[in-house]
Every structure is written in C-alpha cells, then in structure tokens.
Amino acid sequence: MQSDVILKVEDLDVNLNNVQILKDINLKIYNSEILSLVGPSGSGKTTLIMTLLGLIKPSGGDVLFAHKTKKGIVFKSIFDHLDYFRSHVGFSSQESSFYKKLSVQENLEFFGAMYSLPRDVIRQRTTILLDLFELKEHKNKIVDELSGGMKKRLDLAIALIHNPLILMLDEPTSELDPVLRKEMWYFIKKINSRGKTIILSSHFINDMESVADRIALLSNQKITLLGTPTEIRERMGLLDQIIIETLPGNYDELLKTFYTSPKIGLKNHKHNFNNLVLLVEDSHKALVEIVKILENASEKIVNLEVRKPPLEELFEFIS
Amino acid sequence: MLQTIFEVIRKDLRLLIRSRSSLLIILLTPLLILLITGVSLEKQTNFYITAGVYSDSYSHLAKSYISNLEMQSVNVKYFDSEKECVDAVKYGTVQACIVFSPDLRIEDKYNGFIKFYVDYSHLNLAWAIKDMLFTTAQEETKELSQNLIDDLLSVVETANKNLDLQKSDLTNLATSNDKLSSIFSTISSYLSVINPKFDFSLLKLDDIEDSASSLKLKSSGVVSLASNKLSEVSNSLDELKSSVSQINDSQVNSLILPKIDKIKTDIISYQQTILANKNSIDSTAGELQSYIENLKNQINNLSKILDEVRISQDKSLEYVSDGKKQVANILNSVFDLQKSINELEKKIDQVSVFSSGKIAEPFKTEIESVTPEKHSITLLFPTILSLMVLFVSLIISSTLLQMEKQSEAHIRNLITPTKTLIISLGIFLTTLIVVILQYSISLITVAPMLSIKGFFLKFLEALLLTILSSSVFIFIGILIGSSSKSEEISLILTALVALLLIIFSGMIYPLEAFPRGLQMVLKLNPLYLTDYFYNQIFVKDVVLTKIPLQILTQLCWFVGLFIALVLLQELFDEKFLISHRNKALHKKKKRNSRVENEETEKLTKLLVELNHILSPKNKITTEEIENAKRLYLKALSIYQKLDKTQKEEFFDELNLIHKKLSAL
C-alpha cells in the first residue's frame, strides 16, 4: 500500500494571522483515488487544499510527495521542491480560475505555457482536453460568453493542461445547480478513471458517497473521520434511519417515550415540524415498538420510512 | 522561460485590446493630447489675455500703453474702480488688472506708477501675463527714457562745447593770474625797497640852530670886538694923530695926519660896515633860526607822513601779500578747474556711447534660444511626452497587475512553476510595448509639426531613453499594483505617485525655486530626468553621450526598483494568498447568507399565502385546498434547505399549517 501513496500529510499545523486553522493533520493520499474533504463551513477545507498545493506554509508538520527514483519511491517535502511538485499538480477552485476575456483555447494555451510545456504538447493537450470536456465547438469563444457549466468544464480542463498526477478541487460544484453538479461529478469521475488522483473539498456530502473513494471529515481543526463511505458507516455503527410522520403529531411526547424504550435503541433524532427522524441501531426491532407506541398515543401514521441515513445527516449527528 | 514571458505578454495584450475602453485610452489618448496641443499651440506663442485697466484720469502715456497692449492682441476692458478691476481678476473675468496713477506723466516731482494685479493661483499663466504686460511696459518706459536721455545728452553736448571754450579762457585766466602774481611780487619788492624811515637827528637842526645862535653871538662878539678894536684903533689913531699932531712937522703932519684921518674914517666906515653886517648877520641868523624852526616843523610833518607812509607800506605789503595769496589761490582754483575740466573732458571723451537708444537699453537683452528657433510644440513636446510616458507606464502596469491580481486566474498562476516575477516581467514588457507603440505613434504624428533635424536618429535615441524611463515608471506601477489590495487603492496610489513626481519635476513649479540642497535631490526625480532627456534630444539637439550622469541616475532607478521588486515579490505573493483566502471565505459566507436570505424570504411569502388560504374566515374550496397543498410542499422543500436555527424559526408556523392541512 505504501507504494501507492502519492502524497503524505504529517502532523500538519496551519496558523493564519495567529489563528490556528488546522491542527495535527495526518493524511495519506493514494494514487488514483478520489479523496473528499468534507466539513462544516470554516472547518479548514480550503486552507488544507491550499497547504497541499504549497500555497500556504504550515506552522508545523510537512506535506510530502512520492518521488520515483531508481532505488524506489522517496518522499520529499513539497515545500522544498515546490516547482517540481506544482508541475505535477492541477488545481481548480470554487471560483473559476481563468481569464474571462480570453477564448477557451487561449486560456488553455496560456496556462500550458505557464507550465513551460512545449508548444506542440500544449496544442496536443488542448485538443485532448477540448474533446474530453466537450468544449471543442466553443474553443474560440471568449470565456465570458460561456455558460456556467462550460466555464466549470474549462476550469477543469485548464487544471489538467499539464497532465498532472494529482488534481485538487476546492468546492468544484458550489454554485452549480443539481444538473450541472451531476455533470461535474461525471467529469471528475471521468478524469479519475484516467488515473488521476483527485483531492476535492465539497459541502455536498451526500454526493461524495457516490463520487469519493475516501472521505475525510474536517471539524474542530482536525480530521475527525477518514475512510471510504462504507467504512464511515461501519464506524458509525451502521445505523438506520426511521422517518415518522403522524397526526396529530405530538412529537415531543412521542420522543420522550421513544427514548425510554430500550427496544427502539434510539441513538439520536431530528425533530422536524412535520416528522421525526430517528437514528436507531436496528430498524426491524425498533419499528415494532414504535408502531405500538404510536397506537397507544392515538397517533395516526401518515408516513413511515426506513432508510440508510445519508452521510450528511450522519455527519450532522456527529457534529 | 522566454516562451512563458511571451505568452504572458500575449495574454496581457489580448486583455488590453479586448477591453475597448483600455484600447481607446491607450491608443487615442496620446494622439488626442498631442493633436490638441499641436493644434492649439502651433505657431502661437501669445496667450489670449483680457486685461482690465483702471485710472482716475487716463493720461496720454497711459492711453499709449493701453493701445500698445491692444496691438499685442490683449483684449482691454475698462473698469470704473480699482476694486472692480481687482475683483474681476479674482473671478477670472480678466487675467490681469492694470492700474495707472492719475494723469500718468514723467516729471521729477510726480510719482507715477503702473500697478499690475495678476492671479498667482494660475502660476504659469501669471508669469506669462506678467511677462507680456511687463514687456509692453518696458518698451513704453524705454521709449520715454530714450526721449529723456536725448534731452540730457544735448545738454551734455552743449556743456562739452562750452567747456572747450572755457578751457582757453581758463588758460588766459591762469596766465593773467601769473602776471598779476608777478606784479604783486614787483609791487611787494618795490614796496619792500621803500624805506620811509629817516633819522632827522642826522640833520642836526638843533646844532644848526645852536650854531646859528652861536654864530649870531660870535658875530656880535666879533663885531663888538672889531668895533671895540676899531674904536681902540680909532682911539689909538686919535692918540696917534694927537701924537702926530704934536710932532709939528708939517710934512709929517700933512702926510700922516690925513692918513690917520682916513684910516680913522675907514675905521669908522669899517665900524659902520661891521655894524651893518652885524645887523645883517643878526637878521640872517634870525632868518636862519626861523628857517630852522620852519624846517623842524616841516620835518616833524614829514616824519608823521613818513610814519603814515610806513604804515601804508606795511598795509600795502600785507594787501599785496594777501593779493598774492589770493592770486595763488585763484591760480590753484584755476588749475583745479582746469584739471576738473580736463578730467570731465577726458571722461566725456571716454564715454563711447552717445546714442540715447544705447543708454536707455545699453544691452540688447535678447533671449536667444540655445537651439535653433523652434515651434512652441517642439518646446512643449518633451514635457507632453514625459507625462504620457509617466501616465501610460504607471497606469497600465499597475492596472494590469491589479487585473492580474483581481482575476481568479492569478491563484492558478501562483500554483504553476512559473514565478510571479515572470508574470510581473510579462506585465513590464507588455506595458513597455504599449509605451513604445504610443511613443512611436506620438512622434510620428507630431513629426511634421516638429522642426527636428535628423529625426530618425533622434527617434532612436529617444526610444532608448523612453525604454529606460518607462521601465522605471513601470516598475513603480508594478510595485504599486502589487502592494495594493484593490484596484481603487492602486489607482489612488498611482495618481498620488504621479502627482508627486509631477510636482517635484519642475513642470509645474521650477526646481530652481527650491533650496539648493533640495534641488540636487529633486533632480534625481525620474520624471525630471525623463523630461530632461527629451529636452536634450528634441530641443537642444544634444547627443546621448553628453548626458551620461543623468542616464546613469535613471539606470540606478531601474536597477534599484527591479531589485526591490525581486525582493518584495515573495512578500506580495504571501499577502495575496492571505487576502485571497479571506476573500474566498468572505464570498462563501456572503453567498451562503444570500442564499439563506433568498430562501427565508421565499418561505415567508409562501407561509403568508398559506395562512391567507387557511384562514378560518374563508370558506375553502377544493381548488384552494389543492393549491394550499402545492404551496405547502414548496415551503417544505425550502424548509429542508435551511440551517438548524432558521428551521427553528419557521418550525411552529409550518407545523400549524401542516396540522391545518392534515385536518382538511
């Protein structure tokens, strides 16, 4: 497994303006995986990505990248070999990073030159990327005239102009409507399928379940959870979610009864105005008891739903 | 690296060109400035000035001055009071106010004046107006001076001629004086020779008197003696006769006695004669005595006269001596006068200028240009070009840098292996290209208006210096752009720096007005140097090799600013990243809050609508129930998106609506 590690974060501390943003972060990023950084707003996702890019110098710890030598793989600090490292990393932020007054092709060519790629390589890569992101027909359009989705695609294409090993995406789908979001995830998966390691941050946690190979939950300046979506579920005890909607809906009274019943095994709950979301260990056992209680309380069941809780809600419970 | 720089330049140029306003500003501004200046100043050196005039009483002189002004295209406006005239300058109605003293004329006892009021807040114009009005006044004064000097000169000339004439008179006077002096000397010697002293005792008049008395006495004695003796003789004779008579010799008697008688008669005659002589002697002695007495009196008178003569002689000698002195003094004065006249003559002879024009204006104070006669546009061109280079370099470089920094693409550039310095260098070269382009356009545009010899060589020389100076300003612009957080700050800083450079470049206020020490420092101002370069090349026809010190100074600026940029680049990058991160966070928060606000607003509206439909007063139709359900589901979907706190806010209301709907 060690040979697959492409990036290592060791005991990373980041202070900005005397405020600790990240503390004791340890992380290994594997080749060709999609690692998703999730967490509440201000948890340090962007800072972590910026640090991984070498844009922010940590106050402690280091970020190491795997460097292949004849003797094998050697890990080197990105901060000591910034130029080399950056030539192998692509980046796309929540805001599209290109020149709005340049055309699609001009943008690609410009950034290709910024990576000191030879002209023919730039041309070749531009053609490939225009094809990959379905922008060929729009290559001569001034970026400002493109739609939001096309802009995002171009942003990704630019991030890949130098054919990086790692692609870091900071909130790539923020501000996108669900359709475009889906499209974006599609392209990200497509890029990943070509062997690129992707580190991304997103607040669409639920989407991550289908997109990310691994998820790292950042909260309180630390990574509090790290693993594949399944591993995270397992670690959280494979809880089930029961959603109950009743009439007249005296949910406060009902909750008190649910918590006092050991058969239900209620771990947590969410009280919505029209329903109750219950997090239980075993939905089968719990359901029998719940129906009984509802009958006793003369609550008419309007809706009853059992499902695996989405990750977002699981993280909500955790936080 | 070269390819990267080339791409940066290409990108920046594209961005500039695609921004129409930038393109317009870049290409047309210099043209416009040069054309406007060219058209307005071509062959035109005068200002169109309106001058206010006032006098209690306009004399011929004042009127002549005013008509002179009018001849110089000065629009003259008459005012009824000095205050009105001065106020007009303050309000800008007129550019200057000229006040003439009443009945301005030239007289010794009359203190005439011409007072000028100008507005120094329009510094350059004030000097130009002052210069123009004073020139007219000077010409007027010169004419008057010339007339006065003409009069004065004719008097001097007459005096000179008279002096010539008087000079011979003076020589005659001197000669006469000499003669007079010698006469005085002769008189003096003659007078000195005269000795009015006489010792009258030497005359021994008393002795004469005594002698006369003695003679008288002696003659009396002799006479009496003689008489006595004669008497004795007579007696003796009588005795003899008697004796002879006794001799009775008749013969003897006859012989002797007659004889004795005769003798006796003789004696008697003798006695008588003696007596007569004695009387005569006595009378003569008496006469002699009276003569002596008279002589004595006369001598006394003479002595007195002699005394008076002596006094007169002494006085005369004194007068003669005084006269001599006076003559000597007069002679000295004559000599002095002669000397003075000689000197005066000599000085008059030495005066080589006898033309009133020359005296009124001894030197023809012509301000000759050190360069061949040029149009005003040629003289102004260096300043215009310097300002253009300054503004274009500063503004484009700082704007391009700000555009780069404000562009979201910059963060991507930061993670490429290309250093920010390369991007800055790209911006530097892009701006330089624009400046060179503008310089070329400007020069080619105004070339027909400029009387420049060897245009092509000068074009190249100035191009080299343009590159040097522009580089300095571009680096300043890049430093400003790099250190500014926003475009606004960058623009303000650019304007401020440009303003400072202009103020201390001598373009507005002459550097010579500053203390000498400060002047030395201010002459290091890169804008001053730029203006100096263009001046040397286009106006003074000086070759580059003659101004190595100034070129070296500008080169030092170039190197210094480049080093500063290299040293500060990392700091700028770090600052940018922090600011970028803060901006991103701020944007995210803003976006979230905006979205939330939009959602809560929508939800509130839906709830209001639902409450209206479900109000107990209304009789709800099936259609309305369906509509309420639809709105409820909409509200529900919005509610799900809200955060915990906001959900709590809407929970009760939605819960109530839910219950109402369920009841239906």
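Residues numbered from 1 in each chain as written. Chains lettered and ligands numbered in written order. Predicted model: local features only at pLDDT ≥ 70, side-chain atom pairs only at ≥ 80, totals over all residues. Heavy atoms only, no water.

**Observations regarding the packing of helix α11 (residues 420–446) of chain B against helix α12 (residues 455–483) of chain B**
Residues and elements named next belong to chain B.
Part 1: Contact geometry of α11 with α12 gives a least axis separation of 9 Å together with a crossing angle of 145 degrees. The handedness of the crossing between α11 and α12 is right-handed. For the pair α11 and α12, contact is made by Ser424, Ile427, Phe428, Thr431, Leu432, Val435, Ile436, Tyr439, Ser440 and Leu443 and by Phe455, Lys458, Phe459, Ala462, Leu463, Thr466, Ile467, Ser470, Ser471, Ile474, Phe475 and Ile478, respectively.
Part 2: For the contact of α11 with α12, a count of residues per class yields 15 nonpolar, 6 polar and 1 charged. (Axes fitted to C-alpha atoms, helices over the stretch in contact; angles between N-to-C directions. Helix = DSSP H or I, 4+ residues; strand = E, 2+ residues; numbered from the N terminus. Left-handed = near helix turned anticlockwise from the far one by under 90°. Contact = heavy atoms within 4.5 Å. Nonpolar A, V, L, I, M, F, W, Y, C, P; charged D, E, K, R; others polar.)

**Examining the interface of chain B and chain A**
Part 1: Listed by partner, the interface residues are 46 residues for chain B and 54 residues for chain A.
Part 2: Of the roughly 4,400 Å² buried where chain B meets chain A, counting both sides, 57% is carbon and sulfur surface.
Part 3: Between chain B and chain A we count 4 salt bridges in total.
Part 4: A salt bridge links Glu106 of chain A to Arg14 of chain B, with the nearest nitrogen and oxygen atoms 3.3 Å apart.
Part 5: Inspection of the region where chain B meets chain A yields 11 residue pairs in polar contact (both at pLDDT 80 or more).
Part 6: Where the side of chain B that touches chain A is concerned, the elements lending two or more residues are α1 (2–18), α10 (409–414), α16 (548–613), α17 (622–641) and α18 (644–663) of chain B. (Buried area = accessible area lost by both parts, 1.4 Å probe. Salt bridge = Lys/Arg side-chain N within 4 Å of Asp/Glu carboxyl O. Polar contact = N/O pair within 3.5 Å; in protein donor to acceptor, adjacent residues only side chain to side chain.)

**With respect to the sheet that holds strand β5 (residues 72–77) of chain A**
Residues and elements named next belong to chain A.
Part 1: Within the open sheet, the 4 strands sit side by side as β2-β1-β4-β5. Their pairing is antiparallel. Lying at the two open borders of the sheet, with one neighbouring strand each, are β2 (19–30) and β5. Pairwise comparison of adjacent strand axes, ignoring direction, gives a mean angle of 20 degrees for this sheet.
Part 2: Each of β1 (5–16), β2 and β4 (60–69) is contacted by helix α1 (residues 45–52), which is oriented at about 120 degrees to β1, the strand it contacts most. (Pairing = 2+ DSSP bridges.)

**Here's the deal with the pattern of salt bridges**
Part 1: Scanning the model with the defined rule gives 16 salt bridges over all chains in all.
Part 2: Where Lys256 of chain A meets Glu253 of chain A, a salt bridge forms, and the shortest distance between an N and an O atom there is 3.8 Å. You can see Lys256 of chain A and its partner Glu253 of chain A sitting in helix α9 (residues 251–260), 3 residues apart, about one turn around the helix.
Part 3: Its relative accessible area of 55% is what places Lys256 of chain A among the exposed residues.
Part 4: A salt bridge links Glu82 of chain B to Lys115 of chain B; the nearest nitrogen and oxygen atoms lie 3.3 Å apart. You can see Glu82 of chain B sitting in helix α4 (residues 82–91) and its partner Lys115 of chain B sitting in strand β4 (residues 114–118), a full 33 residues away along the chain.
Part 5: Glu82 of chain B sits in the partly exposed class, given a relative accessible area of 25%.
Part 6: With a relative accessible area of 34%, Lys115 of chain B lands in the partly exposed category.
Part 7: Sharing partners across several salt bridges, the network here consists of Arg119 of chain A together with Glu7 and Arg10 of chain B. (Buried < 20%, exposed > 50% of the residue type's maximum accessible area, 1.4 Å probe, protein only.)

**Structural notes on the nonpolar core**
Part 1: Ranked by size, the top nonpolar core spans 145 residues in total, and within it Leu7, Phe133, Met168 and Ile188 of chain A carry the most contacts.
Part 2: Each of domain 1 (2–41) and domain 2 (380–572) of chain B contributes no fewer than three residues to this core.
Part 3: Ile188 of chain A has contacts with Ile34, Leu156, Leu169, Pro172, Ile198, Leu200 and Val211 of chain A, leaving out every residue within four places of it along the chain.
Part 4: Residues Leu607, Leu614, Leu631 and Leu661 of chain B belong to the second largest nonpolar core, which totals 19 residues. (Core = buried A, V, L, I, M, F, W, Y, C linked by side-chain atoms within 4.5 Å. Domains from an automatic or database assignment.)

**What about the side chain of Glu245 of chain A?**
Part 1: Residue placement: Glu245 of chain A occurs in strand β11 (residues 240–247).
Part 2: In contact with Glu245 of chain A, other than residues within four places in its own chain, are Tyr251, Asn274, Asn275, Lys300, Ile301, Val302 and Asn303 of chain A together with His658 of chain B.

**Here we look at the packing of aromatic side chains**
Part 1: This structure, assessed with the given rule, holds 18 aromatic pairs over all chains.
Part 2: Arranged with centres 5.5 Å apart and planes meeting at 70 degrees, the rings of Tyr65 of chain B and Phe100 of chain B form a pair that is edge-to-face. Separated by 35 residues along the polypeptide, Tyr65 of chain B in helix α3 (residues 60–71) and Phe100 of chain B in strand β3 (residues 96–100) bring together distant segments of the chain.
Part 3: The exposure class assigned to Phe100 of chain B is buried, which follows from its relative accessible area of 1%.
Part 4: Taking the centre distance of 5.7 Å and the plane angle of 50 degrees together, the rings of Phe475 of chain B and Phe562 of chain B count as tilted. Taken as a pair, Phe475 of chain B in helix α12 and Phe562 of chain B in helix α16 lie far apart in primary sequence, 87 residues in all.
Part 5: Site record: aromatic cluster; members linked through ring pairs are Tyr58, Tyr65, Tyr78 and Phe100 of chain B.
Part 6: A cation sits over an aromatic face here: Lys8 of chain A above Phe75 of chain A, 4.2 Å from the ring centre.
Part 7: Directly above the ring of Phe111 of chain A sits Arg412 of chain B, whose terminal nitrogen or CZ lies 5.6 Å from the centroid. (Phe/Tyr/Trp six-rings, centres within 6.5 Å; stacked < 30°, edge-to-face > 60°. Lys NZ or Arg CZ within 6 Å of the ring centre and 35° of its normal.)

**Details of a positive patch on the surface**
Residues and elements named next belong to chain B.
Part 1: The grouping of Lys602, Arg630, Lys634 and Lys641 at the surface amounts to a positive patch.
Part 2: Take the positive patch: its biggest share by element is 3 residues, from α17.
Part 3: Judged by relative accessible area, Arg630 falls into the partly exposed class, the value being 47%. (Patch = residues over 30% accessible without salt bridge, like charges linked within 9 Å, V, L, I, M, F, W, Y side chains within 5 Å. Areas by Shrake-Rupley, 256 points an atom, 1.4 Å probe, with all protein chains shown as cover. Lys, Arg positive; Asp, Glu negative; His and termini not counted. Charge placed at Lys NZ, Arg CZ, Asp CG, Glu CD.)

**Focus: the sheet that holds β3 of chain B**
Residue and element names in this part refer to chain B.
Part 1: The strand order across the open sheet formed by 4 strands is β2-β1-β3-β4, and the pairing between neighbours is mixed. Only two strands of the sheet have a single partner each, and these edge strands are β2 (75–78) and β4. For this sheet, the mean inter-axis angle between neighbouring strands, taken without regard to orientation, is 25 degrees.
Part 2: With 5 bridges joining them, strand β1 (residues 50–55) and β3 adopt parallel strand pairing. Directly across from Val53, in β3, lies its bridge partner Ile98.
Part 3: Its contacts with the sheet place α3 against β1, β2, β3 and β4, and it is angled at close to 160 degrees to β3.
Part 4: The strands that α4 touches are β1, β3 and β4; relative to β3, the one it contacts most, it runs at about 160 degrees.

**Section: unusual backbone geometry**
Excluding glycine, residues mostly have negative phi values, and the peptide bonds linking residues are mostly trans.
All names here are of chain A.
Part 1: One non-glycine residue with positive phi stands out, namely Asp11, at about 45 degrees.
Part 2: In this fold, Asp11 is placed in strand β1.
Part 3: The class for Asp11 is partly exposed, based on a relative accessible area of 43%.
Part 4: If you check the backbone angles, Asn220 has positive phi at about 50 degrees while not being a glycine.
Part 5: Mapped onto the elements of the fold, Asn220 is located in the loop between β9 (214–219) and β10 (222–227).
Part 6: The class of Asn220 is exposed, set by a relative accessible area of 67%.

**Section: the state of the cysteines**
Residues and elements named next belong to chain B.
Part 1: By the definition in use, this model includes 1 disulfide over all chains.
Part 2: The disulfide partner of Cys85 is Cys97, and the gap between their sulfur atoms is 2.0 Å. Between Cys85 and Cys97, the S-S dihedral sits near 125 degrees, and the bridge is therefore right-handed. Here the residue Cys85 occupies a position in helix α4, and Cys97 occupies one in strand β3, the gap between them amounting to 12 residues.
Part 3: The class for Cys85 is buried, based on a relative accessible area of 0%. (Disulfide = S-S within 2.5 Å.)

**A word on the packing of helix α5 (residues 148–159) of chain A against helix α6 (residues 178–193) of chain A**
Residues and elements named next belong to chain A.
Part 1: Two elements in contact, α5 and α6, have axes separated by 10 Å at closest approach and are oriented at 20 degrees. Classed by the angle they form, the pair α5 and α6 counts as roughly parallel. Relative to α6, the crossing made by α5 is right-handed. Of the residues in α6, those touching α5 at Gly148, Gly149, Lys152, Arg153 and Leu156 are Leu180, Glu183, Met184, Phe187, Ile188 and Ile191.
Part 2: Split by residue class, the contact of α5 with α6 holds 6 nonpolar, 2 polar and 3 charged. (Parallel < 35°, antiparallel > 145°, perpendicular 65-115°, else oblique.)

None of this, on its own, says anything about what the molecule does.
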